[in-house]
Amino acid sequence: MARWCYRHRLVVLLVWVGALFGLGFSASTAGTDYANVFSLPDTDSKKAYDLMEKAFPARAGDTDTVVWKVDEGSVRDQDVRSRIQPALDEIAKMKGVGQVAGPYSGDGGATQISGDGRIAYAQITFTEQANAVPKELVQDVVDTAQGAERDGLEVELGGQAIMRVQEPPTGLAEMVGLGAAAVVLFLAFGSLFAMLLPLAIAIFGVGMGLFGTQLLSHVTDIPDLAPLLSSLIGLGVGIDYALFIVTRHRKGVLRGLDPEESAVTALNTSGRAVLFAGGTVCIALAGMLVTNLRFLDGVVIGTSLTVVLSVLAATTLLPALLGFLGGRVLSRKQRRRLEATGPEPEKASGPAARWSAGVQRRPRTIAALAFVVMAVLALPVLSLRLGATDQGNDDAATTTRKAYDLLAEGFGPGFNGPLQVVVQGGDTTALVKSIEDTPGVAQAAALPPAQGVTVIQVVPTTSPQSEETDTLIDRLRDDVVAKAGAEAHVGGVTAVSKDFATVTGDRLPLFVATIIGLGFLLLLVAFRSLVVPLTAAVMNLIAAAASFGVLVAIFQWGWGLELLGLGKEGPINAFLPVIMLSLLFGLSMDYQVFLVSRMHEEWVHTRDNARAVRVGLAETGRVINSAALIMVCVFLAFVLSGDAGAAMAGVGLAAAVALDAFILRTALVPAAMHLLGDSNWWLPGWLEKRLPHLAVEPKEEAAASAAAGEGPSSVVHGFVRDTAGDPVEGAAVTLRSMGGRELDRVTSLADGSYIVSVPAPGTYLLAATAETYDSRARQVTVAGEPLVYDVELTEMSEVN
């Protein structure tokens, strides 16, 4: 497939461009129909909502708030009214505004003025829900209301519609993330064309994923959070997958391969790992379905579609683009050096190789240090509290946060999140009295009943995110309502948030067990080992704990929040653990697959665990760290999205990826594998026979399986020498198939000469090992004639 895409590159490119523009045109024509279907069956807040919906059909529009405060005097003063009331009247006349209820008119107006008379509010009801209200209308409302300000009179606005005009321009986070990724890619490749390749793959994958998700919103329920998360995960995996393949391709070209052969080899090695890694990400995302929270079903659809399209772009569009570039995938300096000095030797060098050798020398020390760092970072997770963020967590400079704080100052911290006790039948008067006498209740009042249902508005003395408010909800349900002798349920936004956090927390263990179990099975089949997938599962749990520890320290404890401009501390969004763990397990599995697949390839060829771990880390460490750095940049850019949930997810995922790549995959995992030795690759014989074969590495050549009785087709012969040119006697020279099967094994003679038999023309792996020398393994391609191939071994002291 890679060869076909490379040779028919113009056709492939036109198909992808046509598909992107076709989907884009269809999506823009159809528009969006995102639906936030949020249901918590069998919860008290859901029962309260069902009763209210039956008795009090919800008003169609979104209700927002205008709040004003005077420094001196009272909001009742004529000079204040003469400025505020005309502004409210003008807002009421705007097309799209259904009603404005202020404190200067109507029977209930007096309740909209604080006890000290310095703060008042008015409620604006739009004719549409917040997402459907035109931004121009919202901006006119904000400008008109704040136009009434003067010295000593502050006017602020809050509500879901108002939040929309505070959001940065759409796509800002994505553009910043792409810009940061471009810088990292250019530093990694040193080539403008090579830098553009991963960005192009990410743009095609994310673009088609977003357009596809938009179209699917017309046939199934997809929340408006799905596109944001789809672009977040799509940018990360799209750039990373292309980075792994392009890196392998560039190595092949530098080693003298024809660009077409190099591209095919890259797709047949790293491309296979990309397919496998993309599958693990989708499986991890699908793990959200076991929570049985319908809100997340659309998120799974949108994010999985984007990942699938990113993998498809990396495995079909990328080889076509490599065909257009040819040798220009290298920098000019590299092309000139290749022409002048010939192919580079296949040898890992630089900081990655030195670090890998250091891990091999001191595995216990490095493993202990890495584990201590992760354990310390994980400690805050012990105080994790799930809940919901609101406008009280917005940045202090925003009008929504200022309005929230003014309402809390004038009417009490619980005013921003009242509870609703919905009663059907029974003695409502006695229940209101019992609620008023309950500790933690500031006020309680019953609204006029309808169809036998009464709603009691309960204002707590504490804020919606306070633990005391959660305790009050439990007290009302378990004690007050239980003794009321009537069917009553505690609802409202705050109660819904608490129930959602409880349901999510209860289902989290099943969710974690599901995705870890599926990941274990996939790695078991891929690497034919029990220890490797078990190590990966433990490492994933460590990464999750440490990343949530960072999240708790920043967003719940408030460490650095003001510095980062991320608002005020509060509980961790209840939906975040499920979404974040899905993405984290998927992405960390990517790094595990790329790291261990290279180790496994070396193990199959040499059966030397120390060499396999050292070479695997040396050759993949740099690209994994580059990929992780790109991911961190992309995720951190979502702090600019204007969405508190996206900012929290971005910071959490950036921390998770950084810890996973820079500490776990480059330190703790290889150190642990050095300590475990050959047992890394242990698999019981009975299980080996029953497991299906899933090849992450290329299938061995059929020619290598030729029957031994047919006699050799050819030979490989030459000399084994050291770097000084002296012969190496007694070196073990092994010829293996590309699948790892040993075909012939000889020992070099006194003059360093050797000769191994080749069963049939094809590509093989020639490995040489000797005491005090570093092992060496190279691919050799044998035609019908004998192949002369000299091997140079490096003394271990020179490597160290």
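Residues numbered from 1 in each chain as written. Predicted model: local features only at pLDDT ≥ 70, side-chain atom pairs only at ≥ 80, totals over all residues. Heavy atoms only, no water.

Q: How would you summarise the packing of helix α10 (residues 259-286) against helix α18 (residues 493-527) if you had to cite specific residues and measurements?
A: Between α10 and α18, the least distance of the axes is 10 Å, while the angle of their chain directions is 160°. One way to sum up the angle between α10 and α18 is to call them roughly antiparallel. Seen from above, α10 lies across α18 with right-handed handedness. Packed against α10, whose contacting residues are Phe276, Thr280, Ile283 and Ala284, the element α18 presents Phe511, Ile515, Leu518, Leu522, Leu523 and Ala526 at the interface. By residue class, the composition of the contact of α10 with α18 is nine nonpolar, one polar and no charged. (Axes fitted to C-alpha atoms, helices over the stretch in contact; angles between N-to-C directions. Helix = DSSP H or I, 4+ residues; strand = E, 2+ residues; numbered from the N terminus. Parallel < 35°, antiparallel > 145°, perpendicular 65-115°, else oblique. Left-handed = near helix turned anticlockwise from the far one by under 90°. Contact = heavy atoms within 4.5 Å. Nonpolar A, V, L, I, M, F, W, Y, C, P; charged D, E, K, R; others polar.)

Q: Account for the packing of aromatic side chains, with residues named and values stated.
A: Both the distance between ring centres and the angle between the ring planes are used here to describe each pair of aromatic rings. Counting across every chain of the model gives eight aromatic pairs. Centroid distance tryptophan 603 to tryptophan 681: 5.8 Å. Interplanar angle 15°. Geometry classified as stacked. Of this pair, tryptophan 603 sits in helix α21 (residues 576-606) while tryptophan 681 sits in the loop between α23 (644-676) and α24 (685-690), placing them 78 residues apart in sequence. Taken individually, tryptophan 603 and tryptophan 681 each receive the classification buried, so the pair is uniform in this respect. The positively charged end of arginine 9 is found above the aromatic ring belonging to tyrosine 6, 5.4 Å away from the centroid. (Phe/Tyr/Trp six-rings, centres within 6.5 Å; stacked < 30°, edge-to-face > 60°. Buried < 20%, exposed > 50% of the residue type's maximum accessible area, 1.4 Å probe, protein only. Lys NZ or Arg CZ within 6 Å of the ring centre and 35° of its normal.)

Q: Give me the lowdown on the pattern of salt bridges, citing residues and values where you can.
A: Within the structure shown, the criterion is met by 17 salt bridges. Put simply, arginine 3 and glutamate 260 hold a salt bridge, and the shortest N to O gap is 3.1 Å. Here arginine 3 is found in helix α1 (residues 2-7), whereas its partner glutamate 260 is found in helix α10, with 257 residues between them in sequence. We note a salt bridge from arginine 150 to aspartate 79, for which the minimum N-O separation is 3.1 Å. (Salt bridge = Lys/Arg side-chain N within 4 Å of Asp/Glu carboxyl O.)

Q: Can you break down the sheet that holds strand β8 (residues 453-460) residue by residue, with the values?
A: Spatial strand order, β7-β8-β6-β9: four strands in an open sheet with antiparallel pairing. Unpaired on one side and paired on the other, β7 (441-446) and β9 (487-491) mark the two borders of the sheet. Looking at each pair of strands side by side, their axes are set apart by 20° on average, direction ignored. Relative to β8, β7 runs antiparallel, the two being bridged by five bridges. The residue of β8 that forms the bridge with alanine 446 is isoleucine 456. Of the strands in this sheet, β6 (419-424), β7, β8 and β9 touch helix α16 (residues 428-436), which is tilted by about 170° from β7. (Pairing = 2+ DSSP bridges.)

Q: I'd like a rundown of the side chain of arginine 598, residues and numbers included.
A: Note that arginine 598 resides in helix α21. The class of arginine 598 is buried, set by a relative accessible area of 10%. Those residues in contact with arginine 598 that lie beyond four places of it in its chain are Val615, Gly616, Glu619 and Thr620.

Q: Outline empty space enclosed by the protein, supporting the account with residue identities and numerical values.
A: Applying the stated rule across the entire model yields five cavities of 30 Å³ or more. As a volume, the largest cavity reaches approximately 60 Å³. Elements with a minimum of two residues in the lining of the largest cavity: α10, α18 and α21. The leading source of residues in the lining of the largest cavity is α18, at four residues. Reported here for the second largest cavity is a volume of approximately 50 Å³. Looking at the lining of the second largest cavity, the elements with two or more residues in it are α18, α19 (531-556) and α21. Here the lining of the second largest cavity gets five residues from one element, more than from any other, and that element is α18. Class assignment of the residues belonging to the lining of the second largest cavity gives a composition of nine nonpolar, two polar and no charged. (1 Å grid on protein atoms, 1.4 Å probe; cavity = no way out; pocket = protein on both sides within 12 Å on 5 of 7 lines; lining within 4 Å. Points joined across faces, edges and corners; volume = space filled by probe spheres on them.)

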